[in-house]
Amino acid sequence: MEFFLDTADVDEIREIAAWGILDGVTTNPSLIKKSGRDFKEVVREIAGICSGPISAEVTAMDTDGMIAQGLALKADLPDNVIIKIPCTAEGLAATNVFNEKGIDTNVTLVFSAAQALMAAKAGATYVSPFIGRIDDTGHDGMNLIAEIMEVWASYDISTKVLAASIRHPTHVLQCIQLGAHTATMPAKIFRQLMKHPLTDKGLEGFMKDWAAVEAAGNA
Ligand code: E4P
């Protein structure tokens with residue numbers, strides 16, 4: 001399973017990349033706003049830190065505009081940058097064009113299995129169902145991942161399911177169990193996934209005993 005970081009904060013990306021388990025990065029206009037930096041400049045820097053796919057989102061609402069923005073991003077930015085496109089009819093048409101040109105895409109803001117399948121048929125490299133935002137409406141976002149994986153099991157689909165809008169480590173574990181190909185999450189969740197109180201407690205005990213070994217001159 002691929003683990004992506006959902007951030008435009010280069011310090012966080014460097015921190016998690018150093019662990020050796022970072023497969024890619026997703027950004028969106030809100031994350032770029034939060035970074036306070038120039039869009040292309042920050043995406044270029046991210047693409048230099050992580051060699052995996054880096055999603056850069058188009059902001060045009062019409063197909064031609066999305067295609068023009070996507071091509072400009074591909075021309076200006078490193079090869080590992082892929083084009084993130086909203087899951088609209090216009091976005092589907094743009095995805096189809098990028099697919100024909102051999103340009104990788106991430107179709108985002110997916111909230112139903114039907115949308116995911118249509119994006120896959122249009123040639124999306126990744127589809128991004130948003131779990132947390134469904135949870136926020138009082139429904140269970142994980143059901144969407146289960147539905148999509150069930151559809152994927154019935155057909156020969158090469159598009160990867162990129163679980164997004166992840167709010168806690170349990171979301172990630174459930175995605176792993178359901179066989180989602182990729183999960184994108186904030187740095188906080190990477191840290192939570194690595195933390196276990198019994199690891200901390202065990203280490204504390206080992207360090208205390210090792211201090212005694214050293215004190216006895218046996219180290
Ligand atoms: C995915 O690519 C999106 O950037 C992201 O996961 C959205 O998550 P949010 O609902 O926490 O904003």
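Residues numbered from 1 in each chain as written. Predicted model: local features only at pLDDT ≥ 70, side-chain atom pairs only at ≥ 80, totals over all residues. Heavy atoms only, no water.

Asker: Help me understand the pairing of strand 8 (residues 182-185) in this model?
Answerer: Note on strand geometry: in a regular strand, side chains alternate between the two faces of the sheet. Covered by surrounding structure in strand 8 are Thr-182 and Thr-184 together with Ala-183 and Met-185, the residues of both alternating faces. With two bridges joining them, strand 7 (residues 160-163) and strand 8 adopt parallel strand pairing. Across the sheet, the residue bridging to Leu-162 is Thr-182, located in strand 8. Handedness of the crossover joining strand 7 and strand 8 through helix 9 (residues 169-178): right-handed. (Buried < 20%, exposed > 50% of the residue type's maximum accessible area, 1.4 Å probe, protein only. Helix = DSSP H or I, 4+ residues; strand = E, 2+ residues; numbered from the N terminus. Pairing = 2+ DSSP bridges. Right-handed = clockwise from strand over helix to strand, strands pointing away.)

Asker: Help me understand the side chain of Thr-108, please; the structure alone is not making it clear to me.
Answerer: Relative to the assigned elements, Thr-108 resides in strand 5 (residues 105-110). Those residues in contact with Thr-108, other than ones at most four positions away along the chain, are Glu-57, Lys-84, Ile-85, Pro-86, Cys-87, Ser-128 and Phe-130. (Contact = heavy atoms within 4.5 Å.)

Asker: Help me understand the sheet that holds strand 1 (residues 2-6) in this model?
Answerer: With parallel pairing, eight strands are arranged side by side around a closed barrel as 1-2-3-4-5-6-7-8. Sheet twist, expressed as the average angle between the axes of neighbouring strands with direction ignored, equals 30°. Bridging between strand 3 (residues 54-57) and strand 4 (residues 81-86) involves four bridges; their strand directions are parallel. Paired with Ile-54 across the two strands is Val-81, which belongs to strand 4. Across the sheet, helix 6 (residues 113-121) lies against strand 5 and strand 6 (126-129), angled at about 165° from strand 5, the strand it touches most. (Axes fitted to C-alpha atoms, helices over the stretch in contact; angles between N-to-C directions.)

Just geometry here; none of it tells us what the structure is for.
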